[in-house]
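Letter by letter, the chains look like this.
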Amino acid sequence: MRTPVAIVGAGPAGLLLSHLLDLAGVESVIVEARSREYVEARIRAGILEQSTVDLLREAGLAERLDREGDEHRGIYLQWPEERHHLDFVDLVGRSVTVYGQTEVTKDLGKARAAAGQRIHYEVSDTAVHDIETDSPYVTFTDPDGTPQRLDADVVVGCDGSFGPCRAAIPEAAKQTWERTYPYSWLGVLADVAPSTDELIYAWHPDGFAMHSMRSATVSRLYLQVPNGTDIGTWSDDRIWDALATRLGHGQHGWTLTSGPITDKSVLPMRSFVQQPMRHGRLFLAGDAAHIVPPTGAKGLNLAVADVALLAPALAAFSRDKNCALADAYSDTALRRVWRCTHFSWWMTTMLHQSEDPFDRQLQLSQLRWLARSEAGRAGLAENYAGLPIGF
């Protein structure tokens, strides 16, 4: 097989890249280790920045998003006995939209299938080769057990943290930075209408809590828990009791409504950046290049921003043999990556308990400042609602 662009990974980054390339008249082939059903069922992020929504609309991918997505003007910041609303639209003229990553992936999968996109699902032994030459290629074993080779002009790694592409860049040619946080999130999906109109970020002495949502009938909630927590030790009743305490059930008349929990998992928290995001004919996008803790709602949005920069760069390279955008891709993308990495770290360390009483006082000081400073709220709003792609 041969294609101008070989994409490893059929998550939202890989699917969106193939769609944008198609709009530019550039063919691609995608290989994916999992099944389409598995990829579309993965529970991930649920907050789309304004820039992400705008891009999906421009690409003709927002029909269901516009119909079913829930636009939010801001968030609540809370600590015991206080809750403050930050209105992003008033502060910076931008909003966010609640629309699950699973739904984005389904929309992308449907659009790519309708366009006849070549996607090889359930492959194994994927490897990239000769990325430092003009003739890179990808090898894999198809579901029938037959070895395959995919030749390309460029290879794009959209295969996440543990895929083969990140590891294919030689150690001497890359730098990495990582921060592992001393806590995790216990996340649950519940079949119950949200108890809040907008997300609640709650600082509490027992640990951070968050009330989010996926739809008018499904709530997404999180609790800070120690690393290594056994999910089996958290019964549904224990989860709801902890959420009620940390989110302020009964505070100023607000109530948390409980309901059937349909999914629960423990998510470790870490930050990771690898640079450059391009080596030879291999380009990285999304989680293959960077990971952020979910507190700032940046993971999916960063992947979309990467792809939005990469698609025109690869189109110019493939069609016109113009290397300028491709050569600038890594540096341009990393400006936004590091900005979002800092914002995610800042939100995380401001809201999570560290067992250090000095840190607690600093956290409360930051929260009180945000509640009273329009400039502080505007800074948070600008970062949360999303900086322009290419910032």
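Everything numeric here is computed off the predicted structure, so don't read it as measured data.

1. Quick word on the pattern of salt bridges
A full pass over the atoms with the stated rule returns 19 salt bridges. Residue Asp-327 pairs with Arg-278 through a salt bridge whose shortest N-O separation is 2.9 Å. Of this pair, Asp-327 sits in helix H10 (residues 324-351) while Arg-278 sits in strand S17 (residues 278-279); the two residues are 49 residues apart in sequence, bridging distant segments of the chain. The exposed category is assigned to Asp-327, whose relative accessible area is 52%. Linked through salt bridges whose partners overlap, the residues forming this network are Arg-64, Arg-67, Glu-68, Glu-103, Lys-106 and Asp-107.

2. Here's the deal with the packing of aromatic side chains
Scanning the model with the defined rule gives 10 aromatic pairs in all. Where Phe-88 meets Tyr-384, the ring centres are 5.3 Å apart and the plane angle is 45 degrees; that geometry is what we call tilted. Here the residue Phe-88 occupies a position in helix H5 (residues 88-92), and Tyr-384 occupies one in helix H12 (residues 374-385), the gap between them amounting to 296 residues. Between Phe-343 and Trp-346 the ring centres are 6.1 Å apart and the planes differ by 35 degrees, which places this aromatic pair in the tilted class. Pair noted here: Phe-343 and Trp-346 are both in helix H10, with a separation of three residues, about one helical turn. Taken individually, Phe-343 and Trp-346 each receive the classification buried, so the pair is uniform in this respect. Here the aromatic residues Phe-88, Trp-185, Tyr-201, Phe-208, Tyr-222, Phe-343, Trp-346 and Tyr-384 are joined through ring pairs into a cluster of three or more. Seen from the ring of Tyr-38, Arg-34 lies directly overhead, with NZ or CZ sitting 4.3 Å from the centre.

3. Digging into the UniProt feature "domain: FAD-binding" (unreviewed entry) in the protein chain
Per the UniProt record, "domain: FAD-binding" (unreviewed entry) is found at residues 2-343. Helix makes up 32% of residues 2-343 and strand makes up 32%, while its end C-alpha atoms are separated by 41 Å.

4. So, unusual backbone geometry
The omega torsion of the bond from Gln-275 to Pro-276 falls at 5 degrees, within 30 degrees of zero and hence cis. Tracing the chain through its elements places Pro-276 in the loop between strand S16 (261-275) and S17. Phi is positive for Glu-122, close to 60 degrees, though the residue is something other than glycine. If you trace the backbone, Glu-122 turns up in the loop between strand S8 (118-120) and strand S9 (124-129). Even without a glycine there, the phi angle at His-252 is positive, about 55 degrees. The class for His-252 is exposed, based on a relative accessible area of 66%.

5. Observations regarding the side chain of Asp-153
With respect to the helices and strands, the residue Asp-153 is situated in strand S11 (residues 147-157). The exposure class of Asp-153 is buried, given its relative accessible area of 18%. A distance of 2.6 Å separates polar atoms of two side chains, one belonging to Asp-153 and the other to Arg-2. If near-sequence neighbours (up to four positions away) are discounted, Asp-153 is found in contact with Arg-2, Thr-3, Pro-4, Pro-136, Arg-281 and Phe-317.

6. What about H12?
Under the 1.5 Å per step criterion, the end-to-end length of H12 is 16 Å for 12 residues, consistent within 8% with the ideal 16 Å. Among all positions in H12, only Gly-376, Arg-377, Leu-380, Ala-381, Asn-383, Tyr-384 and Ala-385 are buried. Directly after H12, the chain includes Gly-386, whose backbone phi takes a positive value near 115 degrees.

7. Observations concerning the sheet that holds strand S6 (residues 82-87)
Within the open sheet, the eight strands sit side by side as S6-S5-S13-S14-S15-S12-S16-S19. Their pairing is mixed. Lying at the two open borders of the sheet, with one neighbouring strand each, are S6 and strand S19 (290-291). In the sheet, strand S5 (residues 74-79) pairs with S6 via six bridges, with the strands oriented antiparallel. Across the sheet, residue Gln-78 finds its bridge partner in S6, namely Arg-83. The sheet contacts of helix H8 (residues 236-247) involve S5, S6, strand S12 (175-190), strand S13 (200-202), strand S14 (209-213), strand S15 (219-225) and S16, and relative to S15 the element is tilted by about 85 degrees.

8. With respect to the nonpolar core
In terms of nonpolar packing, the biggest core is built from 67 residues, with Leu-16 and Val-138 touching the most fellow members. Take this core: its biggest share by element is 12 residues, from helix H9 (residues 299-320). Residue contacts for Val-138: discarding those within four places in its chain leaves Ala-6, Val-8, Val-31, Thr-126, Ala-127, Val-128, Gln-148, Arg-149, Leu-150 and Val-155. Counting residues in each nonpolar core, the second largest holds 33 residues, with Leu-77, Tyr-201, Tyr-222 and Trp-346 among its members.

Calculation notes
Within any chain, residue numbers begin from 1 and follow the written order of that chain's sequence. With the structure being a predicted model, the display of local features is reserved for residues of pLDDT at least 70 and the display and counting of side-chain atom pairs for 80 or more, all residues being used for whole-chain, interface and lining totals. Side-chain measures were taken over the full set of non-hydrogen atoms in the model, leaving aside hydrogen atoms and water. What makes a salt bridge here is a side-chain nitrogen of Lys or Arg within 4 Å of a carboxyl oxygen of Asp or Glu, nothing more. The way it works is that DSSP assigns letters per residue, a run of H or I at least four long becomes a helix, a run of E at least two long becomes a strand, and they are numbered from the N terminus. Only protein chains enter the accessibility calculation, which uses a 1.4 Å probe; a residue whose area is less than 20% of its type maximum is buried, one above 50% is exposed, and one in between is partly exposed. The pairing test for Phe, Tyr and Trp rings, Trp by its six-membered ring, is centres within 6.5 Å, and the orientation test on the planes gives stacked under 30 degrees, edge-to-face over 60, and tilted for anything in between. Throughout this description, the term charge over a ring refers to an Arg CZ or Lys NZ atom that lies within 6 Å of the ring centre and within 35 degrees of the ring normal. UniProt positions are given in the numbering used here, feature names are shortened, and annotations may be inferred rather than shown by experiment. In protein, a polar contact requires one atom able to donate a hydrogen and another able to accept it; more generally it is a pair of N or O atoms within 3.5 Å, and residues adjacent in sequence count only if both atoms are side-chain atoms. In what follows, residue pairs with any heavy atoms lying within 4.5 Å of each other are defined as contacts. Expected helix span is taken as 1.5 Å per residue step, with the number of steps being one fewer than the number of residues. Paired strands, in this sense, are two strands between which DSSP finds at least two bridges. Between N-to-C directions, angles span 0 to 180 degrees; the directions come from axes that are lines fitted to C-alpha atoms, helices contributing only their stretch in contact. As used in this record, nonpolar core signifies buried Ala, Val, Leu, Ile, Met, Phe, Trp, Tyr and Cys residues forming a set joined through side-chain atoms within 4.5 Å.

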